[in-house]
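One-letter residues, chain by chain:
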Amino acid sequence: MRHGSGLAAVVVGLALLAPAGCAKAATPCERLTSLQLPHASVTSAAVVQAGAVSACKVDVVSRPSPDSDIGIEVWIPEGAAWNGIYLQLGNGGFAGRIASERLGALAAKGYAVAMTDDGHQATARFPDASWAIGRPEKVVDFGWRSLKETTEAAKALIRAHAGAPARRSYFQGCSDGGREALMEAQRFPRDFDGIVAGAPAYDFSGLLTLGAYDMQALAAPGAWLSAGKLRALEAAALAACGGGRYIADPAACHFDPGEAACPPGQDHDDCLTPPQVDAAAAIYRGLVVTQGGPRFSYPGYTPGAEAEPGSWATWLTGPSKDQLNRSLIWGFSSGFWRGFVYGDPSEDVLRLDLQMAPVDAARVAAIVNATDPDLSDFRDHGGKLIQFHGWNDPAIPARGSIDYYGLVRRQMGDVSGFYRLYLIPGMLHCGGGPGPGAVDWLAVLRAWVEQGQPPGDITAQTVAAPDGPPGPPTQVLHPYGS
């Protein structure tokens, strides 16, 4: 599905602001409040400091539908401080906030940069999607429309303020921002020269169906996994698949959680009972749905980092057996089914009919999922795509990225000329974990786009963590399938 840009109205607005006979004259920052944008308005524009750089910070509100209220923030370095690059950042989770500090930090490096709140303002509630109940236009804004509104507004503002368009445009996001990154390549293939999609929640409805499945597995009698049980699982997985601080070759690891089982009739903190073994096996296995409609599946999680800080206890199991509903997966899954699909704040994911769930979610899935494998328009435009995913991601299973990459290859054949996937052993969600995972993906992407240097093997660094023993300083990442 492709969508129009509305650029004609932007051109008219720029012409009104430019002095006669000078179509590319720069507009002072404070005068950008007069810029005419399609169904959007500039609410403020002022020069601020971004590190050692002065930048024009612009706030925009876009209302492409009667129920839209899309917040957009744009930072444009002043004068020669701008490097000529436009960078749009993705959001995360259910969005609702703009990371102004990140925008300022990137502006300090010379980038003109923008971000959107995806059309709603987050509350303090734990993952909250109540804004979606009975408001289909806001779901559309979240799914894809706010992204396009941000791109159009930011590019118009850059052209007006700098007097020239960006010479290159990039998009970078992780998690839901990774979904947004793939959405850009699929729906708006000519908007960006290069895209970084980290740990993408690309099959949004499928992922949050998997979330309900995992919550049901952990809520079964005797199935919940305590901190001690998670340590037992991780230790057994590491022992079974090579030892060390993390599993270096997860694709070759075929760990059976039964290897961490307690002796028959016993239950200790350093081993698993039969119901706990079953729950762990379900989480590793993933979900397969064979009834109610077309066959649906979503892969499970990778063993080897279950007890790490920020891993399963944060995302899957929650702080205690009675607080499973404080895990992030429970929060996001519940928010999706309550807010996006059923519009019912009392919907309980522990009672969700998993066999019928994909059918019930189909209407919303068409809006929020970034599952289209046909990236030919993006490729033909000259776009480059780098996707990365931590093998031990406890939020979005890494094998989901493998699945999408495989779909694209089946659709398009050899994709190495424009698309590379990197899987990072020992890395958690978008970063962290015992395995070295820090890479300047934007620099790698820019080298590919601007200098014609396709990425090959990449060295990932360890970022020092305040807790836990240090891991190895580096590891080499190979393009998947190479």
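Residues numbered from 1 in each chain as written. Predicted model: local features only at pLDDT ≥ 70, side-chain atom pairs only at ≥ 80, totals over all residues. Heavy atoms only, no water.

Caption draft 1: Region of interest: the layout of surface pockets. Reported here for the second largest pocket is a volume of approximately 610 Å³. Contributing to the lining of the second largest pocket are 36 residues, with Asp 203, Ser 205, Ala 365, Asn 369 and Thr 371 lying nearest its centre. Sorting the residues of the lining of the second largest pocket by element identifies α4 (176-187), α5 (204-219), β9 (296-299), α10 (357-360), α11 (362-368) and α13 (398-412) as the ones contributing at least two each. If one sorts the elements of the lining of the second largest pocket by residue count, α13 sits on top with 6 residues. When its residues are assigned to classes, the lining of the second largest pocket shows 17 nonpolar, 12 polar and 7 charged. (1 Å grid on protein atoms, 1.4 Å probe; cavity = no way out; pocket = protein on both sides within 12 Å on 5 of 7 lines; lining within 4 Å. Points joined across faces, edges and corners; volume = space filled by probe spheres on them. Helix = DSSP H or I, 4+ residues; strand = E, 2+ residues; numbered from the N terminus. Nonpolar A, V, L, I, M, F, W, Y, C, P; charged D, E, K, R; others polar.)

Caption draft 2: Region of interest: α13. In this model α13 runs 22 Å from its N-terminal to its C-terminal C-alpha over 15 residues, within 8% of the 21 Å that 1.5 Å per residue would give. Taken as a whole, α13 has its buried residues at Ala 398, Gly 400, Ser 401, Ile 402, Tyr 404, Tyr 405, Gly 406, Val 408 and Met 412. Check the buried side of α13 and you find it contacts α4, β9, α12 (376-380), β10 (384-390) and β11 (419-424). (Expected span 1.5 Å × (residues − 1). Buried < 20%, exposed > 50% of the residue type's maximum accessible area, 1.4 Å probe, protein only. Contact = heavy atoms within 4.5 Å.)

Caption draft 3: Inspection of the side chain of His 120 at higher detail. Summarising the element assignment, His 120 is placed in the loop between β5 (112-116) and α3 (136-162). The exposure class assigned to His 120 is buried, which follows from its relative accessible area of 3%. Only 2.6 Å separates the side chain of His 120 from the backbone oxygen of Phe 94, close enough to count as a polar contact. Side chain to side chain, His 120 and Trp 131 meet in a polar contact 3.3 Å long. Excluding its chain neighbours within four sequence positions, the residues that come into contact with His 120 are Asp 69, Phe 94, Ala 95, Gly 96, Trp 131 and Phe 142. (Polar contact = N/O pair within 3.5 Å; in protein donor to acceptor, adjacent residues only side chain to side chain.)

Caption draft 4: Looking closely at the confidence of the model for the protein. Of the residues in the protein, 93% have a pLDDT of 70 or more, and the chain-wide mean is 93. When the elements of the protein are averaged for pLDDT, helix α1 (residues 7-17) gives the smallest value, 38, and strand β7 (residues 194-198) the largest, 99. For the stretch residues 1-23, pLDDT sits under 50, and the model shows 35 contacts to residues farther than four places along the chain or on other chains. (pLDDT = per-residue confidence, 0-100.)

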